[in-house]
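# A structural walkthrough
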Amino acid sequence: EAGVTQSPTHLIKTRGQQATLRCSPISGHTSVYWYQQALGLGLQFLLWYDEGEERNRGNFPPRFSGRQFPNYSSELNVNALELEDSALYLCASSIRGQGGNEQFFGPGTRLTVL
Amino acid sequence: RKEVEQDPGPFNVPEGATVAFNCTYSNSASQSFFWYRQDCRKEPKLLMSVYSSGNEDGRFTAQLNRASQYISLLIRDSKLSDSATYLCAVSFNTGGFKTIFGAGTRLFVKA
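Let us look at the structure shown here. The written sequence of each chain sets the order in which its residues are numbered from 1. Throughout, the order in which chains and ligands are written sets their labels, letters from A for the former and numbers from 1 for the latter. The predicted nature of this model means local features are confined to residues of pLDDT at least 70 and side-chain atom pairs, given and counted, to a pLDDT of 80 or more, with totals for whole chains, interfaces and linings taken over all residues. The basis for the side-chain values is all heavy atoms of the structure; hydrogens and waters are excluded.

## Remarks on the state of the cysteines
- Working definition: a disulfide is two cysteine sulfur atoms within 2.5 Å of each other. All chains considered together, the criterion is met by 2 disulfides over all chains.
- Disulfide pairing is shown between A:Cys23 and A:Cys91; the S-S distance is 1.8 Å. With the S-S bond torsion at -55°, the cross-link from A:Cys23 to A:Cys91 turns out left-handed. Placement of A:Cys23 in strand β3 (residues 19–24) and of A:Cys91 in strand β9 (residues 87–95) is noted, with a sequence separation of 68 residues between them. For the pair A:Cys23 and A:Cys91, a shared accessibility class is recorded, and that class is buried.
- In this model B:Cys23 forms its disulfide with B:Cys88; the gap between the sulfur atoms is 1.9 Å. Taking the sign of the S-S torsion, 65° for the link of B:Cys23 and B:Cys88, the bridge is right-handed. You can see B:Cys23 sitting in strand β3 (residues 19–25) and its partner B:Cys88 sitting in strand β9 (residues 84–93), a full 65 residues away along the chain. Taken individually, B:Cys23 and B:Cys88 each receive the classification buried, so the pair is uniform in this respect. Helical segments are the DSSP runs of H or I of at least four residues, strand segments are the runs of E of at least two, and each set is numbered from the N terminus. Accessibility here uses a 1.4 Å probe with only protein chains present; expressed as a share of the type maximum, an area under 20% marks a residue as buried, one over 50% as exposed, and anything in between as partly exposed.

The following block contains the structure:
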């Protein structure tokens, strides 16, 4: 069974640009979560999507946004990139549920903002 | 106070040792608890869910203490391959479920 996939693996942008990160969940999973992990720091919850709707978001500014498509894949968009946005962005998926289910992570997208 | 706290370590132990990690959480309404393992520059991998009755998987034992609001992970007979960062995760519902991860505890197992 294929795991969570993310693309691209690496992304290099400059300040002020926009970044788009993509995630495909495990087949049968309807929930997608996005996390930011800056170097040496823990995972910070960004967004949770389930059945195409945003269910919850973490303490991040509105320039972090996303969406979930009918096939349950998801996109994270980061506008007006800042240097401190450089981090590993991890996507996780879980089965349909209330959000407290086991989450399985993809390999991440490493975003570098120059 | 952080919502989920872990001792950052690092823990340096010899092969064969028993090592225990604790993780405290502040939200008494927390409902689901997990331990993950993360290798350097890799994604976290689910190690085990933590149930009220406690659970064991081979050399790994996880326990939950709701009264004191902490979860624990015990690793027996440590192997070199156990070297990694161990993250605890706690889910709770405050107008929408949220999963909060601890910052992780680094473990080094040495020969």
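Further notes follow.
## Focus on the pairing of strand β8 (residues 70–75) of chain B
All names here are of chain B.
- For β3 and β8, the ladder comprises 6 bridges, and the chain directions are antiparallel. Note that in β8 the partner of phenylalanine 21 across the bridge is leucine 73.
- At least two bridges found by DSSP between two strands is the condition for calling them paired. Pairing of strand β7 (residues 60–65) with β8, which is carried by 6 bridges, proceeds in the antiparallel orientation. Of the residues in β8, the one forming a bridge with alanine 62 is leucine 73.
- Between β7 and β8, which follow one another and run antiparallel, lie 4 residues, and glutamine 69 among them has a positive phi close to 55°.

## Remarks on the side chain of B:Glu43
- Tracing the backbone through its elements, the reader meets B:Glu43 in the loop between β4 (32–38) and β5 (44–50).
- On the basis of relative accessibility, which here comes to 12%, the residue B:Glu43 falls in the buried class.
- Polar contacts here mean pairs of N or O atoms no more than 3.5 Å apart (in protein, one a potential hydrogen donor and the other a potential acceptor; neighbouring residues in sequence count only if both atoms are side-chain atoms). Polar contacts involving the side chain of B:Glu43 include one to the side chain of B:Lys45, which spans 3.1 Å.
- A contact between two residues is defined here by any heavy atoms of the two lying within 4.5 Å. B:Glu43 has contacts with A:Leu90, A:Phe105, A:Gly106, A:Pro107, B:Arg37 and B:Gln38, leaving out every residue within four places of it along the chain.

## A word on the interface of chain A and chain B
- Contact with chain A, which involves 21 residues of that partner, is made by 18 residues of chain B.
- Together, A:Leu43, A:Glu102 and A:Phe105 form the three largest contributors to the area buried by chain A at its contact with chain B, with a combined 27%.
- By salt bridge we mean one thing: a side-chain nitrogen of Lys or Arg within 4 Å of a carboxyl oxygen of Asp or Glu. Across the contact surface, chain A and chain B share 0 salt bridges.
- In this structure, the connection of chain A to chain B is made through 4 residue pairs in polar contact (both at pLDDT 80 or more).
- At the level of secondary structure, the elements contributing two or more residues to the side of chain A that touches chain B comprise β4 (29–37), β5 (43–50), β6 (53–57) and β10 (104–105) of chain A.
- Each residue is assigned to one class: nonpolar for Ala, Val, Leu, Ile, Met, Phe, Trp, Tyr, Cys and Pro, charged for Asp, Glu, Lys and Arg, and polar for all the others, Gly among them. Of the residues assigned to the side of chain A that touches chain B, the class counts are 8 nonpolar, 9 polar and 4 charged. Buried surface area refers to the total accessible area, computed with a probe of radius 1.4 Å, that the two partners give up upon joining, counted for both partners together.

## A short note on the pairing of strand β8 (residues 74–78) of chain A
Residues and elements named next belong to chain A.
- Among the 5 residues in β8, 5 count as buried, and that is most of the element.
- On β8, burial covers both faces: Ser74, Leu76 and Val78 on one face and Glu75 and Asn77 on the other are all buried.
- Relative to β8, β3 runs antiparallel, the two being bridged by 5 bridges. Looking at β8, one finds that alanine 19 is bridged to valine 78.
- Where strand β7 (residues 64–68) lies against β8, 5 bridges are found, and the strand directions are antiparallel. Looking at β8, one finds that glycine 66 is bridged to leucine 76.

Function-wise, these values are silent; they only describe arrangement.
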